[in-house]
Amino acid sequence: MGLFSINTLGIGLFCWAIFALAVYALPFFVALNVGMLAFRDGAGVFGALLIGIASGALTLAAGQVAVAVSRSLTLRVAVAAAFAVPRAIAGYHVVFALSQIGVPSLAWREAFACGGAVCIGGTAWTRLTVFAETRPLESGRVVENISRSVLTATTHER
């Protein structure tokens, strides 16, 4: 295996890790800030770590539940956007930093970074909304459930 293929494999694994970890940009941000606040207020290193992890996990779970359970399209879009925008920003900065390695033109680095932001933000949006089932709009009236018999007319005649 040559040096080129090892480098390509490494860059590919790094890009896969970026896509996989970009899902957790907002929960990581919340966990980091809450953990730092807890440490500043005297929770200690271990307590701040536990509080930060718990707050990040709670943020991720609350966002996924809100999108999956909500009937309001506006609320679902707002929650999905709150999770996707930090991911898109993180994707922009990562792709911009990686493009500095081999792209000399600033305009092309910006173009690649914007494309990376769209790809990573879109992936994050899709991952969050894929489990939300689409429901028909329901009115205030009761829907009558008419059950039909499986038996045919010839069975009823006997």
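As shown above, the structure is provided for reference.
Engineer: What is the right way to look at the nonpolar core in this model?
Structural biologist: As a rule of thumb, soluble globular proteins bury nonpolar side chains together. Core analysis: the biggest nonpolar cluster contains seven residues, these being Leu 26, Leu 60, Val 67, Val 79, Ala 80, Phe 83 and Leu 128. Listing elements by their share of this core, those giving two or more residues are α3 (44-69) and α4 (73-102). By residue number, the principal contributor to this core is α4, which donates three residues. Setting aside its immediate chain neighbours within four residues, Leu 128 contacts Gly 63, Gln 64, Val 67, Val 79, Ala 80 and Phe 83.

Engineer: Would you take a moment to explain helix α2 (residues 25-40) for this structure?
Structural biologist: A turn of α-helix holds 3.6 residues, and therefore any two residues three or four places apart point the same way. Between its first and last C-alpha, α2 extends 22 Å over 16 residues, near the 22 Å set by a 1.5 Å rise per residue. Buried within α2 we find Ala 25, Leu 26, Pro 27, Ala 31, Gly 35 and Ala 38. With its phi angle positive at about 100°, Gly 42 sits one or two positions after the end of α2.

Engineer: Explanation requested: the environment of Pro 27 in the structure shown.
Structural biologist: Residue placement: Pro 27 occurs in helix α2. What Pro 27 contacts, discounting residues up to four positions off in sequence, is Gly 56, Thr 59, Leu 60 and Phe 83.

Engineer: Before we go on, may I ask you to explain a nonpolar patch on the surface in this structure?
Structural biologist: A surface patch of nonpolar side chains, about 370 Å² in accessible area, is lined by Leu 9, Leu 13 and Trp 16. For Trp 16, the position within the fold is in helix α1 (residues 3-21).

Engineer: Would you mind showing me how to read the packing of aromatic side chains here?
Structural biologist: The geometry of an aromatic ring pair comes down to the distance between the two centres and the angle between the two planes. This model, assessed by the stated rule, comprises two aromatic pairs. The interplanar angle of 10° and the centroid separation of 6.0 Å between the aromatic rings of Tyr 92 and Phe 96 together place this pair among those described as stacked. Taken as a pair, Tyr 92 and Phe 96 lie in helix α4 at a separation of four residues, close to a single helical turn. Owing to a relative accessible area of 18%, Phe 96 belongs among the buried residues under this scheme. Relative to Phe 112, the ring of Trp 108 lies with its centre 5.9 Å away and its plane at 35°, an arrangement referred to as tilted. With Trp 108 and Phe 112 both in helix α5 (residues 106-129) and four residues apart, this pair spans about one turn of that helix. Residue classification places Phe 112 among the partly exposed positions, given a relative accessible area of 42%.

Definitions and limits used
Each chain has its residues counted from 1, running along the sequence as written. Per-residue local features of the predicted model are confined to residues with pLDDT of at least 70, and side-chain atom pairs are confined, for both listing and counting, to 80 or more; whole-chain, interface and lining totals are unaffected and use all residues. By convention in this description, side-chain values take in all heavy atoms of the structure and omit both hydrogens and water. To qualify as a nonpolar core, a set must consist of buried Ala, Val, Leu, Ile, Met, Phe, Trp, Tyr and Cys residues joined through side-chain atoms within 4.5 Å. Burial here depends on accessible area, computed with a 1.4 Å probe over protein chains only, as a share of the maximum for the residue type. Under 20% is buried, over 50% is exposed, and the range in between is partly exposed. Think of it this way: any DSSP run of H or I at least four residues long counts as a helix, any run of E at least two long counts as a strand, and we number them from the N terminus. Two residues form a contact once any of their heavy atoms are found within 4.5 Å. The span one expects for a helix is its residue count, reduced by one, times 1.5 Å. Each patch is assembled from residues with relative accessible area greater than 30% and no salt bridge, linking like charges that lie within 9 Å and nonpolar side chains (Val, Leu, Ile, Met, Phe, Trp, Tyr) that lie within 5 Å. Shrake-Rupley sampling with a 1.4 Å probe provides the accessible areas, and residues are treated as covered by the protein chains on show and by no other component. The salt bridge criterion pairs a side-chain nitrogen of Lys or Arg with a carboxyl oxygen of Asp or Glu, the two atoms within 4 Å. Here a pair means two rings of Phe, Tyr or Trp (six-membered ring of Trp) with centres within 6.5 Å. Their orientation is stacked below 30 degrees between planes, edge-to-face above 60, and tilted elsewhere.

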